[in-house]
Amino acid sequence: MGFRERHAIRDLGVGVGFRRPHVVQVLRDRPPMDWFEVISENYFAEGGIQRRNLEELRAAYRVVPHGVSLSIGGAEPLDADYLSRLRALVRSLDAPWCSDHLCWTGFGSFDVHDLLPLPFTQATLDHVVERVKRVQGELGVPFALENASSYMEYRESTMPEEAFLAELSERADCGLLLDVNNVYVSAHNHGFDARAYIDAIPADRVVQMHVAGHADKGAYLLDTHGDHVTAEVWDLYRRALRRCGPTSTLVEWDESIPAWEVLSAEAAQARAVRDEVLATPREEQPWASAT
Amino acid sequence: MGERDLVHLQRFVSDAVRGVTLIGSDPALAAQAETLISPGRCGMAPHERLEVYREQFWLRHLASIDEDFPTLTWVLGGRDAFRELATGYLRACPPRTWDLQRLGADLPSYVASDVRWSDDFLARDAARLDWAFMEAFDAPDSPAFDPRVLASTPEDAWPAARIDLHASLRLLSLGHPVHELRDAVREGTAVERPGAAPTHLVIHRDAACFLRAVAVESLAFELLETLRGGVPLGEACEAVARSSQRDPMEIGERLGGWFQQWTAGGFIREVRIAP
């Protein structure tokens, strides 16, 4: 039995992030949206406006927490206080799963609030596997790791990121959040084949996907979440869907956040792509034979 | 690469991305980047790839802290001046928690201690006010206080009663009415630098989750501070009378009006009557 089936991971459809410019409109009008993703750390406080908004959101929609500061690849011990707050959030939302990034975010007493890349080595793999097991055990819900966009690689790396993620998810028995835009950005920045990356990800472990826009900085692409999803990323998304089947998808837009109607239209675009791919006869879908 | 190598790598990258100057401008740093990071396609050198993260570190943190200090930004003369201050602050007090909301926690003491701003008392007050709003924003919730408790409490029980204040409540004794300035700045109305005037403020989050700054008279402010320390009401009133050289009867007479304001404003969480 595969990961998704074992954990009864459902396809929630297409969602968007719950961001400040839309809070009033969403809570007042409750527009149609399959689900929302929230940045976990924004809701760790024991009270206040954000928590109240989250409770209202949860009353109307399915909500999934997505973190940016767990630092699963950090060289130092996991933060027990952070984990305890995350567990409380997951429980309060009755979240079907919880996710963060394959990265590290700080060292010593410093937090740089960025998704810094890891060296892809056997030793790093051993290190991260143990930490993912602990996190998943503490949270009590499936935990998924997202491939982060990156702008540098280390000389010591001995395996490609997708192989690292495949082995990690297998050994730690965790899920994956496949960020299709991040694959595209990193592939451009490092010169690997994005399609081969998608094909190497263990499809049954993909519990969620992200699509987003990025910026061309000339020498590199920057993962800004600040624009429409590009045609190339939509194409990769189609490929990922063909491999993984119906998978909860989130449209990320965190910079230059547009009006709700624009974001909602982008989600509708994702839904249209999904419908188009998933309408293909089942016998022609690779994922059909695995279920 | 073993665990020690991971420590070495993460220490190097963490230090490098927090630097204020271009990584390429430091030959030793660039050389170390060369040993750890692969060159990129399109000719990006290792230090240039690391530079992407350094640049993002500053953009992200300055953008984050920008939003948290609107009054201070105005007092300093606008965003550029604030960013100069914030850059110095982030160098002196780099982020040490995952919580970006806490990024400005030490900014009021930084403004008060740095020679470039410590003489600007309006800026010091503005920094304290803006930060008090940040703290009240996500302080723990408190259950709504039932005002009927006030009427049902026997008169002789009041001196020993302890008054618990709402968890979001912050008490600020300032030299300028910066709360009025903050309102004007946020509304975008034209304002002038306010003159000095002793100002006692209660910053808190009300029952509807709105953040408020309420000016209170100095005696009431002093009493709130004493009560927050867990002192019973009777003792607290006596202490305030002593320190202000007022007749305790005068404090007692004004207490009813203060309690009305505190109850209506949501300052009180609970009145604990001694058994």
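Residues numbered from 1 in each chain as written. Chains lettered and ligands numbered in written order. Predicted model: local features only at pLDDT ≥ 70, side-chain atom pairs only at ≥ 80, totals over all residues.

Draft legend 1. Focus on the overall build of chain A. Helix and strand counts for chain A come out as 10 helices and 12 strands. Taken over the C-alpha trace, chain A has a radius of gyration of 18 Å; the compact-globule value for 291 residues is 19 Å, and the two agree within 12%. Each principal axis of the C-alpha atoms in chain A carries an extent, and together these give about 50 × 50 × 45 Å. A separation threshold of at least 6 residues defines the contact pool for chain A, and within that pool the share at least 24 residues apart is 78%. (Helix = DSSP H or I, 4+ residues; strand = E, 2+ residues; numbered from the N terminus. Rg over C-alpha atoms; globule rule 2.2 N^0.38 Å. Contact = placed C-beta atoms within 7 Å.)

Draft legend 2. Up close: helix α7 (residues 180-190) of chain A. Residues and elements named next belong to chain A. Most of α7 sits out of view: nine of its 11 residues are buried. Those residues of α7 that fall on the buried side of the exposure criterion are Val180, Asn181, Asn182, Val183, Tyr184, Val185, Ser186, Ala187 and Asn189. On its buried side, α7 packs onto β8 (175-179), α8 (194-200), β9 (206-212), β11 (221-222) and α9 (231-244). Positive phi shows up at Gly191, right after α7, with a value of about 80°. (Buried ≥ 20, exposed ≤ 12 C-beta atoms within 10 Å, placed from the backbone.)

Draft legend 3. View of the environment of A:Gly226. Residue and element names in this part refer to chain A. Relative to the assigned elements, Gly226 resides in the loop between β11 and α9. Sequence separation between Gly226 and Ser71 is 155 residues; the distance between their C-alpha atoms is 24 Å. Beyond its immediate sequence surroundings of up to four residues, Gly226 is in contact with Gly213, Ala215, Glu255 and Ser256.

Draft legend 4. Seen up close, the nonpolar core. Counting residues in each nonpolar core, the largest one holds 99 residues, and the members touching the most others are A:Val132, A:Leu176, A:Val180, A:Val211, A:Leu236, A:Ala240 and A:Val251. Here this core takes six residues from α9(A), the largest share from any one element. Beyond its immediate stretch of four places on either side in the chain, A:Val251 contacts A:Val14, A:Val16, A:Val211, A:Leu263, A:Glu266, A:Ala267 and A:Ala270. Core analysis: the next-biggest nonpolar cluster, separate from the first, contains 54 residues, B:Trp131, B:Leu201, B:Leu223 and B:Phe267 among them. (Core = buried A, V, L, I, M, F, W, Y, C linked by C-beta atoms within 7 Å.)

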